[in-house]
Amino acid sequence: MEYFELIAARYSVRAYRPDLVEDEKLQAVLNAARLAPTAANRQPIQLIVMHTAGHEEEIGKIYRRPWFVQSPIVIAVCAISSQAWVRESDRFNARLIDAAIVVDHLILAATSLGLGTCWVAAFNVEAARSVLRLPDEVEPIIFTPLGYPADEPGPKIRKPLTELVRYEHW
Ligand SMILES: Cc1cc2nc3c(=O)[nH]c(=O)nc-3n(C[C@H](O)[C@H](O)[C@H](O)COP(=O)(O)O)c2cc1C
């Protein structure tokens with residue numbers, strides 16, 4: 001899929017078919033995440049691939065929407081703050097930007113392979129930590145289901161460029 005078609009085709013999929021995701025597609029999507037740039041190439045991100053079959057109840061505690069565990073796979077994107085680049089002037093830590101780029105790479109690669117995803121930030125952090133058995137230094141940032149869509153995209157509601165872009169100064 002051509003890039004501009006791809007970014008127009010991606011949408012938040014909130015219904016999934018039970019069909020399994022082929023391992024080659026899963027590996028391709030994970031490799032796209034691997035290729036994402038990170039600040040100073042620190043790569044402070046870890047991905048956890050969860051297979052939902054037989055674990056719907058447990059994984060469902062992380063985010064209580066039926067569609068979250070309808071997909072055969074849920075991926076957690078985690079960050080390790082101490083491994084991330086920190087800006088010297090104000091100690092800004094780049095882990096959330098790094099994680100967002102990794103998620104975007106992963107999600108766009110999935111879209112190009114006909115797979116659906118949905119950014120999920122509104123998860124229960126305590127449940128996520130417990131289900132994933134995360135060590136203290138590992139922070140869950142974003143989850144996404146990964147599977148074949150069972151819904152259709154709605155209209156793209158976005159601000160027009162005139163409300164988004166300024167030129168030369170504020
Ligand atoms: C950082 C981030 C967090 C999000 N968290 C959630 C979420 O917890 N649950 C959900 O259903 N959608 C979530 N979304 C999806 C947005 O609601 C969605 O991207 C937005 O409404 C635009 O729709 P589209 O993705 O279909 O283009 C999140 C998106 C982003 C970028």
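In this report, the structure presented in the accompanying data block is examined. Think of each chain on its own: its residues are numbered from 1, step by step along the sequence as written. Confidence filtering applies because this is a predicted model: local features only for residues at pLDDT of at least 70, side-chain atom pairs given and counted only at 80 or more, and all residues used for totals across whole chains, interfaces and linings.

**Comments concerning the packing of helix α2 (residues 23-34) against helix α4 (residues 95-112)**
Applicable threshold: Axis geometry follows a simple rule: fit a line to the C-alpha atoms, using only the stretch in contact for helices, then measure angles between N-to-C directions, giving values from 0 to 180 degrees. Numbering of helices and strands runs from the N terminus, with a helix taken as a DSSP run of H or I at least four residues long and a strand as a DSSP run of E at least two residues long. Handedness of each helix crossing follows the sense of rotation of the near helix against the far helix: counterclockwise by less than a right angle gives left-handed, clockwise gives right-handed. Here the contact rule is simple: place C-beta atoms from the backbone, and any two residues whose C-beta atoms are within 7 Å are in contact. Each residue receives one of three labels: charged for Asp, Glu, Lys and Arg, nonpolar for Ala, Val, Leu, Ile, Met, Phe, Trp, Tyr, Cys and Pro, and polar for the others, Gly being one of them.
Close contact between α2 and α4 brings their axes to 7 Å; oriented N to C, the two are set at 150 degrees. The way α2 lies across α4 gives a crossing that is right-handed. Contacts from A28, V29, A32 and A33 of α2 reach α4 at V102, H105, L106, A109 and A110. Residues of the contact of α2 with α4, tallied by class, amount to eight nonpolar, one polar and no charged.

**Notes on the site of the ligand**
The cut-off we apply is this: In this text, near has one meaning. A residue is near a molecule or strand if its C-beta atom, placed using the backbone, is within 6 Å of it.
Residues in contact with the ligand, as listed here, are Y11, S12, C118, W119, V120, A121, A122 and K156. Each residue belonging to the shell around the ligand can be placed in one class, and the counts come to six nonpolar, one polar and one charged.

**Side note on the pairing of strand β4 (residues 138-147)**
Consecutive residues of a regular strand have side chains that alternate between opposite faces of the sheet. Here is the rule: Working definition of burial: number of other C-beta atoms within 10 Å of the residue's own, with buried at 20 or more, exposed at 12 or fewer, and partly exposed in between, all C-beta atoms being placed from the backbone. For two strands to count as paired, DSSP must find a minimum of two bridges between them.
The element β4 is extensively covered by neighbouring structure, given that eight of its 10 residues are classed as buried. The pairing of strand β2 (residues 73-80) with β4 spans eight bridges and is classified as antiparallel. The partner of A76 across the bridge, within β4, is F143. In the sheet, strand β3 (residues 116-117) pairs with β4 via two bridges, with the strands oriented antiparallel. Paired with T117 across the bridge in β4 is L146.

**A word on unusual backbone geometry**
The phi angle at N41 is positive, at roughly 55 degrees, despite the residue not being glycine. Residue position: N41 is located in the loop between α2 and β1 (45-51).

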